[in-house]
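# Survey of secondary and tertiary structure
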Amino acid sequence: MSILAWLEASGPARILAQSEWLYPLVNAGHIVGIALLVGTVAALDMRILGWLGRSIAIADVERLLRPLALIGLGLVIVTGLSLFSVQATSYAESTVFRIKLLLIAVAGLNAALYQTTTHRLWHQIMAALSLLLWLAVITMGRLIGFR
Ligand code: HEM
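Presented here is an overview of the structure given in this document.

Rules used in this analysis
Residue numbering note: each chain is counted from 1, following its sequence as written. For a predicted model such as this one, the threshold for reporting local features is a pLDDT of at least 70, and the threshold for listing and counting side-chain atom pairs is 80 or more; totals across whole chains, interfaces and linings nevertheless cover every residue. Water and hydrogen atoms were dropped before computing side-chain values, which therefore reflect all heavy atoms in the structure. Pairs were defined over the aromatic rings of Phe, Tyr and Trp, the Trp ring being its six-membered one, requiring ring centres within 6.5 Å. Orientation was assigned from the angle between planes: stacked under 30 degrees, edge-to-face over 60, tilted for the rest. Metal donors were taken as nitrogen, oxygen and sulfur atoms no farther than 2.8 Å from the ion, or 3.2 Å where the ion is Na, K or Ca. Water is excluded, so coordination may look unfinished. In short, tetrahedral needs four donors with all angles between 85 and 135 degrees, square planar needs four and octahedral six donors with opposite donors over 155 degrees apart and all other angles between 65 and 115, and whatever is left is irregular. Strands are runs of DSSP state E lasting at least 2 residues, helices are runs of H or I lasting at least 4, and numbering of each runs from the N terminus. Note on classification: 1.4 Å probe, protein chains only; a residue is buried when its accessible area is under 20% of the maximum for its type, exposed when over 50%, partly exposed between these limits. Put plainly, a pocket is an open set of points on a 1 Å grid over the protein atoms alone with protein on both sides within 12 Å along at least five of seven lines, a cavity is a set where a 1.4 Å probe fits but cannot get out, and a lining residue has an atom within 4 Å of a point. Grid points are joined across faces, edges and corners, and a volume is the space filled by probe spheres set on the points. Under the scheme applied, nonpolar residues are Ala, Val, Leu, Ile, Met, Phe, Trp, Tyr, Cys and Pro; charged residues are Asp, Glu, Lys and Arg; polar residues are all the others, including Gly. The nearness test applies per residue and asks whether one of its heavy atoms lies within 4 Å of the molecule or strand. As used in this structure description, the phrase polar contact means that two N or O atoms lie within 3.5 Å; if the pair is within protein, one of them must be able to donate a hydrogen and the other to accept it, and residues adjacent in sequence are counted only when both atoms belong to side chains. Throughout, a molecule is located in a cavity or pocket provided that more than half of its atoms lie within 2 Å of its grid points. For patches, a residue must show more than 30% relative accessible area and have no salt bridge; joins then use 9 Å for like charges and 5 Å for nonpolar side chains, namely Val, Leu, Ile, Met, Phe, Trp and Tyr. For accessible areas, the Shrake-Rupley method is used with a probe of radius 1.4 Å. Any residue's cover is judged against the shown protein chains and nothing else. Note on definitions: salt bridges are taken to be side-chain nitrogens of Lys or Arg within 4 Å of carboxyl oxygens of Asp or Glu.

## A word on the packing of aromatic side chains
Taken as a whole and judged by the stated rule, the model has three aromatic pairs. Each ring, one from phenylalanine 84 and one from tyrosine 91, has its centre 6.1 Å from the other, and the planes form 25 degrees; the classification is stacked. Every member of this aromatic cluster is reached through a ring pair, and the members are Phe84, Tyr91 and Phe97.

What follows is the structure, given as structure tokens:
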């Protein structure tokens, strides 16, 4: 049995799949995580681009929003893996799902590269890219169910 089939047949995945209220609750948790993660990252990106809060130092915005972004990231990972476990084999075969994971990886790499430079123009390019990438991740996430 492959690891994906094992995951799908596991107790927690079966309970989640069969529960009338647990699945929607975990799904709602995924959305709350997305709101926290993408909302805070987008606010920081827009500050870096100079579209809002120009009187507030970027470092202050970062300090304020980072803990919320990390809570959101933790929530999307835990709830995302839980949702994934319900139909692991078919999600793993889905091109849309794979593109979504790839885009998440690229967005993560972009965020890591941001820390490696202090150059303002690079920061602005990375902030614009970050906005586009997270929008694409949300779009792909929404598309999974329709493909
Ligand atoms: C990191 C940021 C993430 C974002 C922005 C995101 C976005 C989304 C969105 C917008 C949906 C659709 C929700 C709905 O229509 O109710 C979704 C569903 C889903 N996500 Fe994520 N997601 C993220 C991370 C993850 C991760 C890490 C995993 C698993 C490894 C995951 C697995 C899933 C699954 C299995 C679904 C249900 C798809 C379906 O059948 O409709 N997500 N996600």
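## Notes on the coordination of the iron atom of the ligand
Put simply, the ideal angle at a metal is 109.5 degrees for four donors in tetrahedral geometry and 90 or 180 degrees for six donors in octahedral geometry. Taken together, His30 (NE2) and Lys100 (NZ) make up the protein donors of the iron atom of the ligand, found 1.7 to 2.1 Å from the metal. Classification of the site at the iron atom of the ligand rests on its six donor atoms, whose angles at the metal span 87 to 178 degrees, yielding the label octahedral. Of the two residues, histidine 30 is situated in helix H3 (residues 22-48) and lysine 100 in helix H6 (residues 95-114); the sequence distance between them amounts to 70 residues. The exposure classification of histidine 30 matches that of lysine 100, with both residues buried.

## Some words on the layout of surface pockets
Any space left empty among the atoms is revealed by the rolling of a water-sized probe across them. Considering only enclosed or pocket space, the largest pocket measures out at about 790 Å³ in volume. Considering the residues around the largest pocket, the lining is formed by 27 residues, among which His30, Leu83, Lys100, Gly141 and Ile144 are closest to the centre. Where the lining of the largest pocket is concerned, the elements lending two or more residues are H3, helix H4 (58-86), H6 and helix H7 (120-143). Its residues assigned to classes, the lining of the largest pocket shows 20 nonpolar, five polar and two charged. A volume near 560 Å³ is recorded for the second largest pocket. Along its surface, the second largest pocket is lined by 23 residues, and Val41, Leu44, Ala69, Ala111 and Gln115 are the ones closest to its centre. Elements that contribute at least two residues to the lining of the second largest pocket include exactly H3, H4, H6 and H7. A class-by-class count of the residues in the lining of the second largest pocket yields 15 nonpolar, five polar and three charged.

## Observations concerning the site of the ligand
Around the ligand there are 20 residues in total, and Asn27, His30, Tyr91, Lys100 and Arg142 lie nearest to it. Within the side chain of histidine 30, an N or O atom sits 2.9 Å from a nitrogen atom of the ligand. Side-chain polar atom of lysine 100 to a nitrogen atom of the ligand: 2.6 Å apart, as the coordinates give it. Placement of the ligand is best described as lying within the largest pocket.

## Quick notes on a nonpolar patch on the surface
A grouping of Leu70, Leu73, Ile77 and Leu81 is seen on the molecular surface, where their side chains present a nonpolar patch of about 370 Å² in accessible area. Along the chain, leucine 70 falls in helix H4. What makes leucine 70 exposed here is its relative accessible area of 53%.

## Quick look at the pattern of salt bridges
A complete count under the given rule lists two salt bridges for this structure. A salt bridge links arginine 63 to aspartate 60; the nearest nitrogen and oxygen atoms lie 3.1 Å apart. Taken together, the residues arginine 63 and aspartate 60, both in helix H4 and three residues apart, mark about one turn of the helix. Judged by relative accessible area, which is 58%, arginine 63 ranks as exposed. With its nearest N and O atoms 3.0 Å apart, the salt bridge here joins arginine 66 to glutamate 62. Of this pair, arginine 66 and glutamate 62 both sit in helix H4, four residues apart, roughly one helical turn. The class of arginine 66 is partly exposed, set by a relative accessible area of 42%.

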